[in-house]
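Topology and contacts: notes
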Amino acid sequence: MTNDKIHADPRSLVPRVARLKAEGRTIVFGNGCFELLHVGHLRYLEGAKALGDVLVIAVNTDESMAMIKPGRPPVVPDYERMEMVAALEIVDFVVPLTERNPVELIKLLRPDVHTKGTDYDPETMPETPVVRGYGGRVAIVGDPKEHSTTEVLAALRERDGAGEP
C-alpha cells in the first residue's frame with residue numbers, strides 16, 4: 001500500500017491527528033468492511049465527513065471480517081478495500097481494523113466524533129462508553145440501511161443462477 005492516506009500501522013497516525021486537533025480541526029472516525037462499495041457506503045461517508053474537518057476510516061481486515069461474518073470470506077481483499085476507500089476524496093486517512101470492533105483504535109486516536117450507520121444503536125455499542133469517557137460524541141449518519149453488500153452478492157448469485165451475466 002503506497003497511498004499516503006493509508007496508515008497500515010494506526011500508531012503512525014497519532015502524531016498527525018494530535019497536530020490537526022491542536023490546529024482546531026474536528027476529527028471524525030468511522031469504520032466498516034466496505035467489501036463492495038455501494039451508495040449506502042457513500043452516504044455514510046458523506047454524513048460522517050459533514051460532522052468535521054478530518055475523516056479517518058478504519059476498514060476491517062480479512063481476519064476481523066472472519067470474526068464478524070463467519071463462513072463468508074471477503075470478496076475483495078482488505079488491502080484493496082483500504083485502497084478504494086482511500087481513493088475517495090472525502091476520506092482523509094484509512095487505517096486497518098484488526099479486531100471485532102474499533103474500541104482500541106478509538107482509544108488510540110481519540111476522535112472528536114465517532115460515527116456509525118443507521119442500523120446501530122449508540123446505547124448498545126461497545127465504543128460509546130469509551131468515546132463519551134474522554135468527552136467525544138457518537139453520531140449516527142447515513143441513510144436508512146437499504147443497501148448492503150449482502151444484498152448485492154445475493155443479486156449477483158441470483159443472476160448467475162438464472163444464466164444472466
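Along each chain, residues carry numbers from 1 onward, in the same order as the chain's sequence is written. Confidence filtering applies because this is a predicted model: local features only for residues at pLDDT of at least 70, side-chain atom pairs given and counted only at 80 or more, and all residues used for totals across whole chains, interfaces and linings. The basis for every side-chain value is the complete set of non-hydrogen atoms in the structure, without hydrogens or water.

Another point: the nonpolar core. Within the largest apolar cluster, 20 residues are counted, with the highest numbers of intra-cluster contacts made by L13, F29 and V56. Only DSSP runs of H or I with at least four residues qualify as helices, and only runs of E with at least two residues qualify as strands; both kinds are numbered from the N terminus onward. Elements represented by at least two residues in this core include exactly α1 (14-22), β1 (27-32), β2 (54-60), β3 (93-97), α5 (103-109) and α6 (127-133). Top element by residues in this core is α5. It accounts for four residues. Residues contacting L13, with those up to four places away along its chain left out, are H7, V56, F93, V95 and L109. For the purposes of this section, nonpolar cores are sets of buried Ala, Val, Leu, Ile, Met, Phe, Trp, Tyr and Cys residues that join through side-chain atoms within 4.5 Å. Burial classification: accessible surface area is computed with a 1.4 Å probe over protein chains only, and a residue below 20% of its type maximum counts as buried, one above 50% as exposed, and the rest as partly exposed. Residues A48, V91, A139 and V141 belong to the second largest nonpolar core, which totals 17 residues. Whether two residues touch is decided by their heavy atoms; if any such pair falls within 4.5 Å, the residues are in contact.

Moving on, we come to the sheet that holds strand β4 (residues 113-116). Read from one edge of the open sheet, five strands run β3-β2-β1-β4-β5, paired in parallel fashion. Each edge of the sheet is formed by a strand with only one pairing partner; in this case those strands are β3 and β5 (137-140). Across the sheet, the axes of successive neighbouring strands diverge by a mean angle of 25°, strand direction being ignored. By definition, two strands form a pair when at least two bridges between them are found by DSSP. Bridging between β2 and β3 involves five bridges; their strand directions are parallel. Residue pairing for β3: V59 is matched across the bridge by P96. Lines fitted to C-alpha atoms define the axes here, with helix axes fitted over just the stretch in contact, and angles between the N-to-C directions of these axes take values from 0 to 180 degrees.

With that out of the way, let us pick up helix α2 (residues 39-49). Taken residue by residue, α2 has G40, H41, Y44, L45, G47 and A48 as its buried positions. Seen along its axis, α2 keeps its buried residues to an arc of 160°; they face one direction. In this description, the arc belongs to the directions extending from the helix axis to the C-beta atoms.

Before going further, it helps to spend a moment on the pattern of salt bridges. What makes a salt bridge here is a side-chain nitrogen of Lys or Arg within 4 Å of a carboxyl oxygen of Asp or Glu, nothing more. With the rule as written, the count across this model stands at eight salt bridges. One salt bridge connects K49 with D92, and the closest N-O pair in it is separated by 2.5 Å. Residue K49 is found in helix α2, and its partner D92 is found in the loop between α4 (78-87) and β3; the two are separated by 43 residues along the sequence. Among the salt bridges present, the one from E127 reaches K116, with a minimum N-O distance of 3.3 Å. On the criterion of sequence distance, the pair formed by E127 in helix α6 and K116 in strand β4 is long-range, its members being 11 residues apart. For the pair E127 and K116, a shared accessibility class is recorded, and that class is buried.

As a rule of thumb, non-glycine residues mostly have phi less than zero, and peptide bonds are mostly trans rather than cis. Backbone geometry at F34 places phi at a positive 50°, although glycine is not the residue there. Structurally, the position occupied by F34 is in the loop between β1 and α2. Phi is positive for R110, which is not a glycine, with a value near 45°. As for its placement among the helices and strands, R110 is situated in the loop between α5 and β4. Taking relative accessible area as the criterion, R110 reaches 40% and is therefore assigned partly exposed.

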